[in-house]
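Structural overview
Here's the letter readout for the chains.
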Amino acid sequence: MIDRRTFSKAVGLGTGTAAASLTGLAVAPPASAAAQNGAGTSAAPTAAPGSHTSFAALKQVRAGLLNVGYAEAGPVHGPVAICLHGWPYDIHSFVDVAPLLAAEGYRVIVPHLRGHGTTRFLSARTFRNAQQSAVALDVIALMDALKIEKAVLAGFDWGARTADIIAALRPERCNALVSVGGYLVTNLAMNLEPLPPAAEHAWWYQYYFATERGRKAMADPMKRRDLNRLVWDTVSPAWDFDDATFERTAASFENPDYADIVIHNYRWRLSLADGERRYDRFEKQLAARPVIEVPAITLDAELDPFTAPDGDASYRDRFAGAYDHRTLKGIGHNLPQEAPVDFARAVIDVDRFRPHHTGTSPV
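In this report, we go over the structure that sits alongside the text. (Residues numbered from 1 in each chain as written. Predicted model: local features only at pLDDT ≥ 70, side-chain atom pairs only at ≥ 80, totals over all residues. Heavy atoms only, no water.)

Our focus in this paragraph is unusual backbone geometry. A cis amide bond links Trp87 to the next residue, Pro88, at an omega of 0 degrees. In this structure, Asp157 is a non-glycine residue whose phi angle is positive, near 55 degrees. You can see Asp157 is positioned in the loop between strand E6 (151-156) and helix H6 (158-169). Relative accessible area serves as the criterion here: at 11%, Asp157 is assigned to the buried category. Positive phi, close to 55 degrees, is recorded for Arg289, a residue that is not glycine. (Helix = DSSP H or I, 4+ residues; strand = E, 2+ residues; numbered from the N terminus. Buried < 20%, exposed > 50% of the residue type's maximum accessible area, 1.4 Å probe, protein only.)

Attention shifts here to the side chain of Ser93. Inspection of the secondary structure puts Ser93 in the loop between strand E3 (80-84) and helix H4 (97-103). A relative accessible area of 1% places Ser93 in the buried class. A polar side-chain atom of Ser93 sits 3.0 Å from a polar atom in the side chain of Asn334. (Polar contact = N/O pair within 3.5 Å; in protein donor to acceptor, adjacent residues only side chain to side chain.)

Taking 1.5 Å of rise per residue, the 12 residues of helix H16 (residues 340-351) would be expected to cover 16 Å, and the 17 Å separating its terminal C-alpha atoms lies within 8% of that figure. Of all the 12 residues making up H16, 10 are buried; the element is thus mostly covered by neighbouring parts of the structure. Within H16 the residues assigned to the buried category are Pro340, Val341, Phe343, Ala344, Ala346, Val347, Ile348, Asp349, Val350 and Asp351. (Expected span 1.5 Å × (residues − 1).)

Let us now look at the packing of helix H10 (residues 212-219) against helix H11 (residues 221-235). For the pair H10 and H11, interaxial distance at closest approach is 5 Å and the crossing angle is 100 degrees. Judged on the interaxial angle alone, H11 and H10 are roughly perpendicular. In contact with Ala217, Met218 and Ala219 of H10, H11 contributes Pro221, Lys223, Arg224, Leu227 and Asn228. Residues of the contact of H10 with H11, tallied by class, amount to five nonpolar, one polar and two charged. (Axes fitted to C-alpha atoms, helices over the stretch in contact; angles between N-to-C directions. Parallel < 35°, antiparallel > 145°, perpendicular 65-115°, else oblique. Contact = heavy atoms within 4.5 Å. Nonpolar A, V, L, I, M, F, W, Y, C, P; charged D, E, K, R; others polar.)

Let's shift gears to the packing of H11 against helix H12 (residues 243-250). Between H11 and H12, the least distance of the axes is 11 Å, while the angle of their chain directions is 125 degrees. Between H11 and H12, the angle falls in the class oblique. Note on packing geometry: the crossing formed by H11 with H12 is right-handed. Residue-level contacts link Arg225, Asn228, Arg229 and Trp232 of H11 to Asp243, Thr245, Phe246, Glu247 and Thr249 of H12. Among the residues making up the contact of H11 with H12, the classes are represented as two nonpolar, three polar and four charged. (Left-handed = near helix turned anticlockwise from the far one by under 90°.)

Let's shift gears to the packing of aromatic side chains. Overall, the coordinates contain 25 aromatic pairs when judged by the stated rule. Look at Trp87 and Tyr205: their rings are 5.1 Å apart centre to centre, the planes differ by 45 degrees, and that puts the pair in the tilted class. Placement of the pair is Trp87 in the loop between E3 and H4 and Tyr205 in helix H9 (residues 204-208), with a sequence separation of 118 residues. On the basis of relative accessible area, Tyr205 is assigned to the buried category, the value being 3%. On the numbers, 5.7 Å between centres and 85 degrees between planes, the contact of Trp204 with Tyr205 is edge-to-face. Residue class for Trp204 comes out partly exposed when judged on its relative accessible area of 33%. One aromatic cluster is present, formed by Tyr89, Phe94, Phe156, Trp232, Trp239, Phe241, Phe246, Phe253, Tyr258 and Phe343 through successive ring pairs. Here the guanidinium or amino end of Arg229 rests over the ring plane of Phe246, the centre of that ring lying 5.4 Å away. (Phe/Tyr/Trp six-rings, centres within 6.5 Å; stacked < 30°, edge-to-face > 60°. Lys NZ or Arg CZ within 6 Å of the ring centre and 35° of its normal.)

Looking at where Ala73 falls in the secondary structure, it is placed in strand E2 (residues 66-73). Sequence spacing of Ala73 and Gly105 is 32 residues, and the spatial spacing of their C-alpha atoms is 9.7 Å. Aside from chain neighbours lying at most four places away, what touches Ala73 is Ala98, Ala102, Tyr106, Arg107 and Val108.

Tracing the chain through its elements places Leu303 in the loop between strand E8 (296-301) and strand E9 (323-328). A relative accessible area of 28% places Leu303 in the partly exposed class. Taking the C-alpha atoms as reference points, Leu303 and Thr234, 69 residues apart in sequence, are found 9.8 Å from one another.

Another point: the pattern of salt bridges. In total, this model carries 20 salt bridges according to the counting rule given. In this structure, Arg352 engages Asp349 in a salt bridge whose closest nitrogen and oxygen atoms are separated by 3.8 Å. Judged by its relative accessible area of 11%, Asp349 falls in the buried class. (Salt bridge = Lys/Arg side-chain N within 4 Å of Asp/Glu carboxyl O.)

Here helix H13 (residues 258-269) is 12 residues long and its end C-alpha atoms lie 17 Å apart, about the 16 Å a rise of 1.5 Å per residue gives. Of all 12 residues making up H13, 11 are buried, and the element is well covered by its neighbours. Burial in H13 covers these residues: Tyr258, Ala259, Ile261, Val262, Ile263, His264, Asn265, Tyr266, Arg267, Trp268 and Arg269. Looking one or two places after H13, you find Ser271, whose phi comes out positive at around 60 degrees.

Moving on, we come to the pairing of strand E1 (residues 59-63). Regular strands have side chains that alternate between both faces of the sheet. With five bridges joining them, E1 and E2 adopt antiparallel strand pairing. Residue Val61 lies in a different strand from E2, and its bridge partner there is Val68. (Pairing = 2+ DSSP bridges.)

Quick look at the structure:
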């Protein structure tokens, strides 16, 4: 297992019109689905992992620099939950979570991040940038395009980092937060320091991608598929998924920008690739490790090689609002797909942490 204090050093992340959007629009928070359905402990319906294999037909919307592909479930006027995937995954990480939340009255939005699935850049001239603030601004742009003023943000891996950033820099757009792995905002200066060997070993693909050999592997469809499958197997050692489950997600790896986005993300984390100057002010804010003040639940997966034995000890001080931390036994890195009921319950529970208002979220 990787010590959380060293792991937090290793984690990094992966807009024209959205860049102006990290400066504030304060609005009254909408009612949560939990409030609409009655107070008390969460009552997310039960469902076994793998109960669902697909979403309804995906939607597309122009948002910022992208034409974003996303799945949607639940009532259109319900309070919004935005679920954000990581690497090497896609929206299918939430294929069982979305119907659970929809049944509780949420409007659930599950977007493909840049470089994944049906999400496409609007211009061939746009730099294929995957630095952390660029990805976060994509989600703000998506919210603007869908006229979503506030949402519960919930994610893992790249998605948790993206949600953390929005919660930290744009709290008026975030009702509450569910973050698998805790506080995952990248600190480039800290990432220059070596880690203990066990931590470095777990990040083998990050260093592989720093080489031309690794870039070629990502650019080769078969090698890319096999590498991603290996990651699935090693970071979720107890998840008994079948080939069809992997293949549904693997289709998202065929995005024409996938290799460029993945390689830039990991190289940027190690300061081996530049970001863009238009994001400098946001990265400067993030380098200061801003405190997250919105209600938050952090989740750890016991069998994830990136989960530390000290739980949330190293980042608890980054969460200043209502807070809870949970560890899921027997679960690996792809926590939402391995434990959809627990993930959905966290979304419902964290939404109860905040004061509730009457009415529904504006659309």
